[in-house]
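Tertiary structure, described
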Amino acid sequence: QRKSTMLGKRLSGLPGMSVQPSDGAMYAFPRIELPEGAIKAAAAAGKPADTFYCIELLKATGIVVVPGSGFRQKPGTWHFRITILPAEAKLPELLDRLEAFHLGFLAKYSKSEL
């Protein structure tokens with residue numbers, strides 16, 4: 001339960017990301033709002049935008065998440081599934097890496113909208 005709460009608070013505090021409380025489940029499904037530049041880059045790469053985000057996250061950080069497009073998300077919305085299995089002591093470092101990536105991703109692809 002504590003890990004779920006920690007993850008939810010950290011991710012919901014990021015711009016363009018929100019997470020519903022998961023009540024101690026093993027997974028969370030953050031919703032991400034992606035800049036138009038990221039959606040265009042994903043289309044150019046032939047990938048759904050959430051898949052593009054997840055691949056870029058993996059390449060940049062080694063963090064593995066699953067695109068929400070595999071879970072029948074509502075069209076026009078983007079999500080990913082993340083497990084809450086890492087040891088509680090290791091979770092802050094993982095969340096630091098995810099936060100740094102997310103902020104950099106938003107900055108990079110927001111610039112491409114100009």
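Whatever comes next refers back to the structure up there.
Let us look at the structure shown here. (Residues numbered from 1 in each chain as written. Predicted model: local features only at pLDDT ≥ 70, side-chain atom pairs only at ≥ 80, totals over all residues. Heavy atoms only, no water.)

**Section: the overall build of the protein**
Heads up, the condition is: Runs of E in the DSSP output that reach at least two residues are strands. Runs of H or I that reach at least four are helices, and both are numbered from the N terminus. The globule rule is 2.2 Å times the number of residues to the power 0.38, and the radius of gyration it is compared with is taken over C-alpha atoms. Classification of residues uses two cut-offs on accessible area relative to the type maximum, computed with a 1.4 Å probe and protein chains only: under 20% is buried, over 50% is exposed, and between them is partly exposed. Whether two residues touch is decided by their heavy atoms; if any such pair falls within 4.5 Å, the residues are in contact. When charges are tallied, Lys and Arg are placed among the positive residues and Asp and Glu among the negative ones, while His and the ends of the chain are skipped. By convention, the point assigned to a charge is CZ for Arg, NZ for Lys, CD for Glu and CG for Asp.
Scanning the protein from N- to C-terminus turns up four helices and five strands. Starting at the N terminus, the α and β elements of the protein follow one another as α-β-β-β-α-α-β-β-α. Relative to its length of 114 residues, the protein is compact, with a C-alpha radius of gyration of 14 Å against a globular reference of 13 Å. By residue count, 39% of the 114 residues in the protein fall in the buried class. Contacts in the protein between residues at least 24 apart in sequence constitute 61% of all its contacts with a sequence separation of at least 6. Across the protein, 15 positive and 10 negative side-chain charges occur, with their mean positions spaced 4 Å apart.

**Thoughts on helix α4 (residues 91–111)**
For clarity, the cut-off: One fewer than the residue count of a helix, multiplied by 1.5 Å, yields its expected span.
Along its 21 residues, α4 runs 30 Å from first to last C-alpha, staying within 8% of the 30 Å computed at 1.5 Å per residue. The inward-facing, buried residues of α4 contact α1 (2–12), β1 (17–18), β3 (31–32), α2 (36–44), α3 (49–61) and β5 (78–83).

**What to know about the side chain of threonine 61**
What counts here: What qualifies as a polar contact is a pair of N or O atoms within 3.5 Å, subject to a donor-acceptor requirement within protein and to the restriction that residues adjacent in sequence count only when both atoms come from side chains.
You can see threonine 61 is positioned in helix α3. A relative accessible area of 19% means that threonine 61 is categorised as buried. Of the polar contacts made by the side chain of threonine 61, one reaches the backbone nitrogen of isoleucine 63; its length is 3.0 Å. Excluding anything up to four places from it in sequence, threonine 61 contacts Arg97 and Phe101.

**Notes on the packing of α1 against α4**
The relative placement of two packed helices is expressed as an angle between their axes plus a distance between the axes. Put simply, the test is: Fitted lines through C-alpha atoms serve as axes, helices being fitted only where they are in contact, and the angles separating the N-to-C directions of these axes extend from 0 to 180 degrees. Just so you know how the angles are binned, under 35 degrees is roughly parallel, over 145 roughly antiparallel, 65 to 115 roughly perpendicular, and the rest oblique. Each crossing gets its handedness from the near helix: less than a right angle anticlockwise from the far helix is left-handed, clockwise is right-handed. Throughout, the ten residues Ala, Val, Leu, Ile, Met, Phe, Trp, Tyr, Cys and Pro are labelled nonpolar, Asp, Glu, Lys and Arg are labelled charged, and all others, Gly among them, are labelled polar.
Following both chains from N to C, one finds α1 and α4 inclined at 20 degrees, their axes separated by 11 Å at the closest point. The angle between the axes of α1 and α4 places the two elements in the roughly parallel class. Helix-helix and strand crossings are classified by hand; for α1 and α4 the assignment is right-handed. Contacts between α1 and α4 involve Lys3, Met6, Leu7, Arg10 and Leu11 from the first element and Leu91, Pro92, Leu95, Asp96, Leu98 and Glu99 from the second. In the contact of α1 with α4, the residues fall into seven nonpolar, no polar and four charged.

**Description of the pattern of salt bridges**
Definition in use: The term salt bridge refers to a pairing of a side-chain nitrogen on Lys or Arg with a carboxyl oxygen on Asp or Glu at a separation within 4 Å.
Here the structure, examined in full by the defined rule, presents five salt bridges. Between arginine 10 and aspartate 96 there is a salt bridge, with its nearest N and O atoms 2.8 Å apart. Taken together, the residues arginine 10 in helix α1 and aspartate 96 in helix α4 connect sequence positions 86 residues apart. Measuring nitrogen to oxygen at the nearest pair gives 2.9 Å for the salt bridge that ties arginine 10 to glutamate 99. Placement of the pair is arginine 10 in helix α1 and glutamate 99 in helix α4, with a sequence separation of 89 residues.

**Structural notes on α1**
Using the following cut-off: Taken from the helix axis, the directions to the C-beta atoms give the arc we talk about.
For α1, the set of buried residues is Ser4, Leu7, Gly8 and Leu11. All buried residues of α1 lie within an arc of 100 degrees about the axis, which places them on one face of the element. Facing away from the buried side of α1, by more than 90 degrees, are the exposed residues Arg2 and Lys9. Close packing links the buried residues of α1 with β1, β2 (27–28), β5 and α4.

No statement about biological role is implied by the geometric values presented.
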